[in-house]
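The lines below spell out each chain.
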Amino acid sequence: MPVSTSERTPLLDRDQDSGPFAFTPEQLYKLVDPKDPNLLNSYGGVKGITDGLRVNPDNGLSSDEGLDSHRLPFEERRKFYGKNVLPDVAQQSFFSLVWEAYKDKTLILLSVAAIVSLAIGISEDFSSRHPDDEPRVGWVEGAAIVAAVAAVVFTNAINDYSKEKQFRKLNAKKEDRDVKLIRNGKEQQISVHEINVGDIMLLEPGDIIAVDGVYISGHNLTCDESSATGESDTIKKNTLENNGDPIILSGSKVLEGVGKAVVIAVGPNSFFGKTMIALRGSESDETPLQMKLDLLAEQIAKLGICAALLMLITLTAKYFITAAMADEFPDIADILPAVITIVIQAITIVVVAVPEGLPMAVALALAYATTQMLKDNNLVRVLSACETMGNATTVCSDKTGTLTQNKMTVVEGKIAQETFEGLAHLDSWRSKISDAVFDVLIEGITANSSAFEDKGESGRVDFVGSKTECALLGFAKHFGVDYRERRSAVQAERVYPFASKKKTMTTVIKLPPNAPAKSDPNAEYRVHVKGASEIVLKSCNRYINANGQIKELDESGKQQVEITITMFADKALRTIGLAYKDATSSEAKKFNDDDAPNDNLILLGIVGIQDPLRPDVKLSVEQFKKAGVFVRMITGDNILTARAIARDAGILTKGVALTGPEFRAMSPDEQRRIVPRLQVLARSSPTDKTIVVTRLKELDEIVAVTGDGTNDGPALKLADVGFSMGIAGTEVAKEASSIILMDDSFSSIVSALKWGRAVNDSVRKFLQFQLTVNITAVILSFVSAVMSDESESILTAVQLLWVNLIMDTLAALALATEPPTDEVLDRYPTSKNASLVNYRMWKMIIGQAVFQIAVNLTLLHIGPAVFHLSDSPHDKAALRTIIFNTFVFLQVFNEINCRRIDDHLNVFRNILNNHVFILIQLIVIGGQFFIVEFGGVAFGTVSLTGTQWLVTVIIGFLSLPIGLIIRLLPNWCVPEHILNEEVKPMTPEKMVWQSAYADVTRRMRVFNALRKPPRKLSNKPKIDRSSSSHSNASNNFADVVRGAMRPSNHTS
């Protein structure tokens, strides 16, 4: 309906500071987000916009606007509305990344321990009490901790820096492209960065629109706004007078037609620009692993301090009791050095207890995983996202471009009375069709089309145009047909473009002499028609069969075709009818330019087109289900299409399918109740996706979100882990995501899940190993020092340094570099609140620590008798060496034992796949051999005999059978909530039960509403029993029922 002149009078408040123009950037942006045609009408329509922006829609801007000796062209306009360039993101310097990595509680604790250790070690080395025959190596422990901290900090910083560099390289494409516009009354090509608000832009098929605009004029301009809105249906642009959609969004793509638009927003003020800027600079929350590590580090530090205080009190008490029992009490000159020595030993306990290798293990595991994930087509932008993904409990996926290929494809059809289902059966169908029928079909597809092939942004050649036409050309291309060759072989006489009223497109071509399947021998022209199947079917009175025979299409035949159309529609396929007819020269002369000759057609067939699933989606969804990860689909498509795709993918089982408006209308409490069963959300807006993610996070879910469009940006940023598509994804989606799928494959998310779980497992394996060593070393040092006459530990400081190297750096390398296997998908996600060290791990840690302490203390007491050693200095050194060697080999074999953190018995499974683990074990064994045999001066060792070597290795080997026995210990006395730390997903049975319960509740509400007694009508006028009153009563009754059943508008 045309808009009246009075209605189009601008309603702007002229007192607003709109500068030299009638509109501020904020006022113009209100037209775009959300689209508001009524507001455009209040601004005076297109004329009001162009007048307010001081531009003539026919001539465009003047190239020398505002040009003088002091100012550049468009300087005033750009100062007010901005340039079409987004401000650069300030890249963090390497040293700022170093500082960020250092701000970790564990690293700060280690730094304090290193300073204390260095101060005491250096003072001890140069004190008068230091023996002359021992090397001055007291500083080494502190220096080793400093080196470990530096290694962790620089590893993390280098990883973050390289990932950011890779991301920038990924986006380093030709952003500066040329666009067409009108200036000075002439068509010009300029850089996209030079567009101004007020420019008159020309749009053609294939253009990626870089700015927001308002449609002025054109022909059949159709845009794909799926990347911005999530709506896969194309949007036809038209003026307000024609009740069309005049708002053109930046980031959308022109599919067909041509048009002219006035630019209303550029750069950071545009829809695309605001979305990009909104995603910058937000800090990510601490990941579950980081929070657990911080808590564990604090607990270990507290335990270490308690052990040190206990040792300080015990040794001090022992010293003074011994002194009191002596004949002469020592003077202050003797007491002071002894107390200092005791304090040093107590502080050493703290240093030994601190897990300096823990942050290194995490850093190495993440660095190794992200490097290997890149080979699996996962570019990790945020390092912590890798381990967060391992505990993901739900994946919220976009449909278009993520689950599907974002490419309409012919998936089913019935052509020439022969059917096919799926692309795999096309060749079989082709073998049943005569060449003549096939040639007519291909002729109609190629000639009756305006789509064409072109190279896209990614460099891939693809069809550009209407998605329906692209699907049909793709169908022809499957058979090796060159559409250009077929299109150039015919001469188009008349073209009737697709019109929304008629829902068909018709092309009249001149027939070559040898044209196939002529219905009339005298025919010189052929009319090809395609369009909505029911419209095309009504215009047909004949059909062609597989042999090329043309037969009458009676009512029974039409009913059969209608059944086919209904079957396709039930599968959410878009049905397209294909038909043709031949015409003589005299008949062709009667064709007019307004009405297409769509009568008495011959039906070729019906095809069903659909945006098909990616080939790997079904398998990936099954793998996610097996791993206990709940997959949800959130799309802008209609509910029928969404349900059909979700069922096909295996996502929609017994859960709930809702539309965005239905979900949005619920209260937050209702949303929280329904969201655990929500499997499909259709007709959703970007806000809906954000609400779903928010509600899931409120329920303590760890949420991964996938998406490729601009509209997915906020949800990708809000999620714990955001996945964007590297090929089809927009820059907004990539900027918002934490992991980029380089191959756009949904199955790559499964790889990310496996690597995430592998990282978490690696950290836990290392923890199990290190805590065993820590507990053993602390207790052994404590007990041996208390039992020793000299209050000295059985292990020297340098020997403890080698043990620290084994249990920190080398163990971190060995246990943090194990690649994942499919076995990690056989369990459910670990709870967000689960302890980092679970019951099974504590059982192994305590069991192994008790065994190792018992073995070493036994050797300390009965070793001389077992190995026939005397009290000579050499034999005493031999005993210390035997205990040291036994202690190291207990760690070597326990490291193999720590490859499993569950109750599975085979600790050697897949060990040959981890070459780093085998190499490090060989390095440790080789290093131990050289230390024992040739490191006597530095390490206080002596050479051992073959028998002594054999016995110490065998004792060390006993860690493996002890681990087997510990795993076989029954868990029957342990409560289930302690034993089982997994998050159990919503099962189909539970969804059915909850749905039935909700249904019964709704029915009870209706029943109770109907049972309510009628209100008293005393002192009221007599009720009119007319039909009008009866109608009102019926409406009231319906309102009661609808009100009682309000939450039931979802579909299960």
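Owing to the predicted nature of the structure, the values given are computational and were not obtained by experimental measurement. Within each chain, residues carry numbers counting from 1 in the order of the written sequence. Side-chain atom pairs in this predicted model are given and counted only at pLDDT of 80 or more, local residue features only at pLDDT of at least 70, and totals for whole chains, interfaces and linings cover all residues. Excluding hydrogens and water, the side-chain values take into account all heavy atoms of the structure.

Thoughts on the overall build of the chain
So, point 1. Helical segments are the DSSP runs of H or I of at least four residues, strand segments are the runs of E of at least two, and each set is numbered from the N terminus. The number of helices and strands found in the chain is 39 helices and 26 strands.
So, point 2. With a 1.4 Å probe rolled over the protein chains alone, any residue whose accessible area is under 20% of its type maximum counts as buried; one over 50% counts as exposed, and the rest are partly exposed. Every one of the 1052 residues in the chain was classed for burial, and the buried ones make up 51%.
So, point 3. Every residue pair with non-hydrogen atoms within 4.5 Å of one another is taken to be in contact. Within the chain, contacts between residues at least 6 apart in sequence are counted, and of these 74% link residues at least 24 apart.
So, point 4. Each accessible area value is a Shrake-Rupley result obtained with a 1.4 Å probe; residue values ignore everything except the protein chains displayed when judging cover. When the accessible area of the chain is evaluated, it comes to approximately 48,300 Å², of which 57% is carbon and sulfur surface.

Observations concerning the UniProt feature "transmembrane region" (unreviewed entry) in the chain
So, point 1. UniProt positions are given in the numbering used here, feature names are shortened, and annotations may be inferred rather than shown by experiment. Annotation from UniProt places "transmembrane region" (unreviewed entry) at residues 106-122, 142-159, 300-321, 333-354, 837-857, 877-896, 916-937 and 949-969.
So, point 2. Spanning residues 300-321, this segment combines 100% helix with 0% strand, and its end C-alpha atoms are found 31 Å apart.
So, point 3. Note that residues 877-896 is 100% helix and 0% strand, and that its end C-alpha atoms are spaced 29 Å apart.

A look at the packing of helix α32 (residues 873-897) against helix α36 (residues 959-968)
So, point 1. Axes, fitted as lines to C-alpha atoms, cover a helix only where it is in contact. Angles between the N-to-C directions of the axes lie from 0 to 180 degrees. Across the interface, α32 lies against α36 with an axial gap of 8 Å and an inter-helix angle of 40°. If you check the angle between α32 and α36, you find them oblique. Like other packed secondary-structure pairs, α32 and α36 cross with a definite hand, here right-handed. Along its contact with α32, which presents L890, F893, N894, I896 and N897, the element α36 presents S959, L960, G963 and R967.
So, point 2. Gly is put with the polar residues, along with every residue not named as nonpolar or charged; the nonpolar set is Ala, Val, Leu, Ile, Met, Phe, Trp, Tyr, Cys and Pro, and the charged set is Asp, Glu, Lys and Arg. By residue class, the composition of the contact of α32 with α36 is 4 nonpolar, 4 polar and 1 charged. Should an angle fall under 35 degrees it is taken as roughly parallel, and over 145 as roughly antiparallel, whereas 65 to 115 is taken as roughly perpendicular and any remaining angle as oblique. Crossings are sorted by hand: turned counterclockwise from the far helix by less than a right angle, the near helix makes the crossing left-handed, and turned clockwise it makes it right-handed.

Quick word on the sheet that holds strand β23 (residues 678-682)
So, point 1. DSSP-based pairing: two strands are paired if at least 2 bridges between them are found. Taken in spatial order, the 8 strands line up as β8-β26-β25-β24-β9-β21-β23-β22 in an open sheet, and their pairing is mixed. The open sheet has two edge strands with one neighbour each: β8 (378-380) and β22 (656-659). Neighbour-to-neighbour, the strand axes of this sheet turn through a mean angle of 20°, independent of strand direction.
So, point 2. One ladder, built from 4 bridges, connects strand β24 (residues 703-707) with strand β25 (residues 721-725); its direction is parallel. Paired with T706 across the bridge in β25 is F723.
So, point 3. Across the sheet, helix α29 (residues 747-787) is in contact with β8, β24, β25 and β26 (739-741); its angle to β8 comes to roughly 50°.

Some words on helix α5 (residues 94-102)
So, point 1. Within the sequence span of α5, burial applies to L97, V98 and A101. Buried residues of α5, viewed axially, fall in a sector of 105°; they line one side. By definition, the arc is the one covered by directions from the helix axis to the C-beta atoms.

Focus on the packing of aromatic side chains
So, point 1. Planes of paired rings set the category: under 30 degrees apart is stacked, over 60 is edge-to-face and the rest tilted, where pairs are Phe, Tyr or Trp rings (Trp by its six-membered ring) whose centres lie within 6.5 Å. Here the structure, examined in full by the defined rule, presents 23 aromatic pairs.
So, point 2. Among the aromatic residues, those joined into a cluster by ring pairs are F420, W429, F438, F475 and F479.
So, point 3. We note K274 situated over the ring of Y29; from NZ or CZ to the ring centre the distance is 4.8 Å.
So, point 4. Think of it as a cone above the ring: NZ of Lys or CZ of Arg counts as a charge over the ring if it is within 6 Å of the ring centre and within 35 degrees of the ring normal. When the ring centre of F438 is taken as origin, the NZ or CZ atom of R430, which lies over that ring, is 4.1 Å away.

Some thoughts on the nonpolar core
So, point 1. Take the buried residues of types Ala, Val, Leu, Ile, Met, Phe, Trp, Tyr and Cys, join any two whose side-chain atoms come within 4.5 Å, and each joined set is a nonpolar core. By size, the foremost hydrophobic cluster in this structure holds 125 residues, and its most contacted members are M389, F624, M633, I651, F723 and L767.
So, point 2. In contact with F723, other than residues within four places in its own chain, are N378, M389, A704, V705, T706, G707, L716, S737, I739, L741, I749 and A752.
So, point 3. Counting residues in each nonpolar core, the second largest holds 46 residues, with L28, L39, I49 and L61 among its members.

Points about the environment of G273
So, point 1. With respect to the helices and strands, the residue G273 is situated in helix α9 (residues 271-278).
So, point 2. A relative accessible area of 0% places G273 in the buried class.
So, point 3. Through-space distance from the C-alpha of G273 to that of V211 is 8.8 Å; in sequence the pair is 62 residues apart.
So, point 4. Those residues in contact with G273, other than ones at most four positions away along the chain, are L86, G267 and P268.

With respect to the side chain of T830
So, point 1. Among the secondary structure elements, T830 is positioned in the loop between α30 (797-816) and α31 (839-866).
So, point 2. By relative accessible area, which is 13% here, T830 ends up buried.
So, point 3. Non-local contacts of T830, meaning those with residues more than four positions away in its chain, are made with N391, R764, E981, E982 and V983.

So, a nonpolar patch on the surface
So, point 1. Patches were defined on residues exceeding 30% relative accessible area and lacking a salt bridge, with like-charge contacts within 9 Å and nonpolar side-chain contacts (Val, Leu, Ile, Met, Phe, Trp, Tyr) within 5 Å. Basic side-chain nitrogens of Lys or Arg form a salt bridge, by our definition, when they fall within 4 Å of a carboxyl oxygen of Asp or Glu. There is a patch of nonpolar side chains on the surface, built from I108, V112 and V116 and spanning about 220 Å² of accessible area.
So, point 2. Among the structural elements, V112 can be located in helix α6 (residues 105-125).

Re helix α17 (residues 467-478)
So, point 1. Take the number of residues in a helix, subtract one, and multiply by 1.5 Å to get its expected span. Under the 1.5 Å per step criterion, the end-to-end length of α17 is 16 Å for 12 residues, consistent within 8% with the ideal 16 Å.
So, point 2. Inspection of α17 places K467, T468, E469, C470, A471, L472, L473, F475 and A476 among the buried residues, and these make up the whole buried set.
So, point 3. A positive backbone phi angle near 80° is found at G480, which sits one or two residues after α17.

Some thoughts on the packing of helix α16 (residues 435-447) against α17
So, point 1. It is the contact of α16 with α17, at a shortest axis distance of 9 Å, that shows an interaxial angle of 140°. Judged by the inter-axis angle, α16 sits oblique to α17. Classified by chirality, the crossing of α17 by α16 is left-handed. Of the residues in α17, those in contact with L441, I442, I445 and T446 of α16 are L472, L473, F475 and A476.
So, point 2. Its residues assigned to classes, the contact of α16 with α17 comprises 7 nonpolar, 1 polar and no charged.

Points about unusual backbone geometry
So, point 1. In this model, D33 is joined to P34 through a cis peptide bond whose omega is -5°.
So, point 2. Along the chain, the position of P34 falls in the loop between α1 (25-29) and α2 (37-42).
So, point 3. Non-glycine residue N184 carries a positive phi angle of around 60°.
So, point 4. Here N184 lies in the loop between β1 (178-183) and β2 (186-191).
So, point 5. You can call N184 partly exposed: its relative accessible area is 42%.
So, point 6. Its identity is not glycine, yet N910 carries a phi of approximately 60°, on the positive side.
So, point 7. Assignment of secondary structure puts N910 in the loop between α32 and α33 (915-934).
So, point 8. Given the relative accessible area of 31%, N910 is considered partly exposed.

With respect to the pairing of strand β21 (residues 630-634)
So, point 1. Burial of β21 is extensive: 5 of the 5 residues sit out of reach of the surface.
So, point 2. Bridge count for strand β9 (residues 394-398) against β21 is 5 bridges, and the pairing is parallel. Bridging across to β21, T394 finds its partner in F630.
So, point 3. Bridge count between β21 and β23: 2 bridges; the pairing is parallel. Looking at β23, one finds that M633 is bridged to V680.

Thoughts on the pattern of salt bridges
So, point 1. Under the defined criterion, the tally for this structure stands at 39 salt bridges.
So, point 2. Across the pair R900 and E823 runs a salt bridge whose closest N-O atoms are separated by 2.9 Å. In this pair, R900 is assigned in the loop between α32 and α33 and E823 in the loop between α30 and α31, connecting sequence segments 77 residues apart.
So, point 3. You can call R900 buried: its relative accessible area is 9%.
So, point 4. Residue E823 is classed as partly exposed on the basis of its relative accessible area, which comes to 23%.

Remarks on the side chain of R899
So, point 1. With respect to the helices and strands, R899 occurs in the loop between α32 and α33.
So, point 2. Take R899: its relative accessible area is 4%, and that puts it in the buried class.
So, point 3. Residues within four places of R899 in sequence aside, it is in contact with K765, L815, E818, V907, F908, R909, N910, I911 and F917.

Section: the environment of E493
So, point 1. Mapped onto the fold, E493 is located in strand β14 (residues 491-496).
So, point 2. The exposure class of E493 is partly exposed, given its relative accessible area of 37%.
So, point 3. Setting aside chain neighbours within four positions, we find E493 in contact with V508, I509, K510 and Y525.
So, point 4. Among the polar contacts made by the side chain of E493, one reaches the side chain of Q491 at a distance of 2.9 Å. Counted as a polar contact is a pair of N or O atoms within 3.5 Å, where, for protein atoms, one must be capable of donating a hydrogen and the other of accepting one, and residues adjacent in sequence contribute only when both atoms are in side chains.

Details of the environment of A649
So, point 1. Here A649 shows up in helix α23 (residues 639-649).
So, point 2. Ignoring any residue separated from it by four or fewer positions in sequence, one finds A649 in contact with L613, V617, K618 and V621.

Considering the pairing of β9
So, point 1. Counting buried residues in β9 gives 5 out of 5 residues, a clear majority hidden from the surface.
So, point 2. Residues T394, C396 and D398 of β9 are buried on one face, and the alternating residues V395 and S397, pointing to the opposite face, are buried as well.
So, point 3. As paired strands, β9 and β24 are joined by 4 bridges and run parallel to one another. Bridge assignment links T394 to a residue of β24, and that residue is V703.

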